[in-house]
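Okay, here's what each chain looks like letter by letter:
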Amino acid sequence: MGKELHYREDGTFTIVQFTDLHWQNGEPGDILTRLLMERVLDKTSPDLVIFTGDVIYSDDCIDPKQSFREAVREVDARGIPWAAVFGNHDSEHKVTREELMDVQLEHEHCVSQAGPEEIAGVGNFVLLVREPGSGKPHHALYLLDSGSYSEYPNLEGYAWISRDQIDWYTQQSAALTESNDGEPLSSLAFFHIPLPEYDEVWRKELCYGSKYENVACAPINSGMFTAMVEMGDIVGTFCGHDHVNDYQGEMYGISLCYGRASGYQTYGREGFPRGARVIKLHKGAREFTTEILLDDGAVIREPKPHYPKGME
């Protein structure tokens, strides 16, 4: 808690995104997941790891709290700062999000925060990446709880980032813009369930990567993407949830990116190996670079393009 994040001497900052581990009780699938994490961490030596939800599959966990500890153990043991947002499967059974946040905060190298109690979700917070010495931030990282399932009886499906969370984000963004001499601070956002715009960008814009399943977003649009466009700070968003999608596409100046599913305890697709997304920030640069690192060590730096209809 309270550990500051800083750029390296060369001005870079590397983030590894692990998503959808679906950790259970240490079964063979979990061991394969840990081995993947070890290989990715060995190869990347990241400055931060972000787990974008479904860290555990609570319904099949004997002790969900212990399962969560086991899932993040490799990262914390290496002394790497890390944070996690929750997915729909983390607190389905036997455990609450509040209890899992307490588990996160037990760890020495966790930089998560419980976030404001008065807004929806658990774990809405912002991290700043600072210049060594001066402490000046050049990037902000928003982590948001995208919920689990709709609680409205006439609206079935997954949940969404709610209005009070969006208001919180815009307040944080405005304050950071003001402290940055009126210039929006280049920012990334991380959550579990994709926004509806993930489906739109695939249909309308040039994308890179694979889409092997439908975008399992909420049935309604709560306006989070609109808020990000209006604030002008978010340049990339990163989600999980859909295990055999890994594409990225840009719309209105924001890159919408899927992670690469990392867990072996859940569904996948033959010929679509597990892996992780690696994100690199550069001090003073608004843009970021990203690539996918696969379990076998292969790196996808130039994913295949997908052209929407009429754009081929």
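Residues numbered from 1 in each chain as written. Predicted model: local features only at pLDDT ≥ 70, side-chain atom pairs only at ≥ 80, totals over all residues. Heavy atoms only, no water.

Novice: Describe the overall build of the protein, naming the residues involved and giving the relevant values.
Specialist: Counting its secondary structure elements, the protein contains six helices and 15 strands. Computed over its C-alpha atoms, the radius of gyration of the protein comes to 18 Å, within 12% of the 20 Å expected for a compact globule of 312 residues. Considering only C-alpha atoms, the protein reaches an extent of 50 × 50 × 45 Å along its principal axes. Within the protein, the proportion of its 312 residues that are buried is 56%. In the protein, of all internal contacts separated by at least 6 residues, the share reaching a separation of at least 24 is 71%. (Helix = DSSP H or I, 4+ residues; strand = E, 2+ residues; numbered from the N terminus. Rg over C-alpha atoms; globule rule 2.2 N^0.38 Å. Buried < 20%, exposed > 50% of the residue type's maximum accessible area, 1.4 Å probe, protein only. Contact = heavy atoms within 4.5 Å.)

Novice: Help me get a handle on unusual backbone geometry, residues and values and all.
Specialist: For lysine 94, which is not glycine, the phi torsion reads 75° and is therefore positive. With respect to the element layout, lysine 94 can be found in the loop between β4 (82-85) and α3 (97-106). Judged by relative accessible area, which is 48%, lysine 94 ranks as partly exposed. Its identity is not glycine, yet histidine 241 carries a phi of approximately 80°, on the positive side. Considering the arrangement of structural elements, one finds histidine 241 in the loop between β9 (234-239) and β10 (248-251).

Novice: Outline the state of the cysteines, supporting the account with residue identities and numerical values.
Specialist: The final tally for this structure, using the stated rule, is zero disulfides. Unpaired in terms of disulfides, cysteine 110 finds its nearest cysteine sulfur in cysteine 61, a separation of 18 Å. For cysteine 110, a relative accessible area of 1% puts it in the buried group. Its sulfur unpaired, cysteine 257 is 8.7 Å from the next cysteine sulfur, which belongs to cysteine 239. (Disulfide = S-S within 2.5 Å.)

Novice: For the sheet that holds strand β12 (residues 275-282), give the residues involved together with the corresponding values.
Specialist: On the basis of which strands lie adjacent, the open sheet formed by six strands has the order β4-β3-β2-β12-β13-β14 and mixed pairing. The open sheet has two free edges, formed respectively by β4 and β14 (299-300), since each of these has just one partner strand. Where helix α1 (residues 28-44) meets the sheet, its contacts fall on β2 (12-18), β3 (48-52), β12, β13 (288-294) and β14, and the angle it forms with β2 comes to roughly 170°. (Pairing = 2+ DSSP bridges. Axes fitted to C-alpha atoms, helices over the stretch in contact; angles between N-to-C directions.)

Novice: Could you give me a rundown of the side chain of glutamine 248, with the residues and numbers involved?
Specialist: Tracing the chain through its elements places glutamine 248 in strand β10. Assessed through its relative accessible area of 17%, glutamine 248 is described here as buried. Within the structure, glutamine 248 has its side chain in polar contact with the side chain of arginine 277 (distance 3.3 Å). Residues within four places of glutamine 248 in sequence aside, it is in contact with Cys207, Tyr208, Leu256, Cys257, Arg277 and Thr290. (Polar contact = N/O pair within 3.5 Å; in protein donor to acceptor, adjacent residues only side chain to side chain.)

Novice: Run through the packing of aromatic side chains, naming residues and quoting values.
Specialist: Aromatic ring pairs: the centre-centre distance and the angle between the two ring planes describe each pair. Counted under the stated rule, the structure contains 15 aromatic pairs. Aromatic side chains phenylalanine 68 and phenylalanine 86 sit 6.5 Å apart centroid to centroid with 65° between the ring planes, which places their arrangement in the edge-to-face category. With phenylalanine 68 in helix α2 (residues 64-77) and phenylalanine 86 in the loop between β4 and α3, this pair connects stretches of sequence that are 18 residues apart. Summarising the burial analysis for this pair, phenylalanine 68 and phenylalanine 86 share the class buried. Summarising the aromatic geometry, the rings of phenylalanine 225 and tyrosine 252 are spaced 6.4 Å apart at their centres and angled 50° between planes, so their arrangement reads as tilted. Of the two residues, phenylalanine 225 is situated in helix α6 (residues 224-231) and tyrosine 252 in the loop between β10 and β11 (254-258); the sequence distance between them amounts to 27 residues. Overall, tyrosine 252 belongs to the exposed group, its relative accessible area being 61%. Pairwise contacts between aromatic rings join Tyr198, Trp202, Tyr247 and Tyr258 into one cluster. (Phe/Tyr/Trp six-rings, centres within 6.5 Å; stacked < 30°, edge-to-face > 60°.)

Novice: Give me the lowdown on the pairing of β9, citing residues and values where you can.
Specialist: With respect to burial, β9 is a largely interior element, six of its six residues being buried. Sheet analysis places β9 next to β11, joined by four bridges and oriented parallel. Bridge pairing links cysteine 239 to tyrosine 258 in β11.

Novice: Describe the pattern of salt bridges, and please don't skip the residues or the numbers.
Specialist: A full pass over the atoms with the stated rule returns 13 salt bridges. With its nearest N and O atoms 3.2 Å apart, the salt bridge here joins glutamate 70 to arginine 73. Highlighted residues: glutamate 70 and arginine 73, both in helix α2, separated by three residues, approximately one helical turn. Judged by relative accessible area, glutamate 70 falls into the partly exposed class, the value being 23%. Between arginine 260 and aspartate 246 there is a salt bridge; the shortest N-O distance is 2.5 Å. Placement of the pair is arginine 260 in the loop between β11 and β12 and aspartate 246 in the loop between β9 and β10, with a sequence separation of 14 residues. In this structure, arginine 260 and aspartate 246 share a single accessibility class: buried. Taken together, the shared-partner salt bridges connect Arg34, Glu70 and Arg73 into one network. (Salt bridge = Lys/Arg side-chain N within 4 Å of Asp/Glu carboxyl O.)

Novice: Requested: an account of a nonpolar patch on the surface, with residues and values cited.
Specialist: A contiguous nonpolar surface patch, about 220 Å² in accessible area, is contributed by Ile31, Leu32 and Leu35. Mapped onto the elements, leucine 32 comes out in helix α1. Look at leucine 32 and you get partly exposed, because its relative accessible area is 40%. (Patch = residues over 30% accessible without salt bridge, like charges linked within 9 Å, V, L, I, M, F, W, Y side chains within 5 Å. Areas by Shrake-Rupley, 256 points an atom, 1.4 Å probe, with all protein chains shown as cover.)

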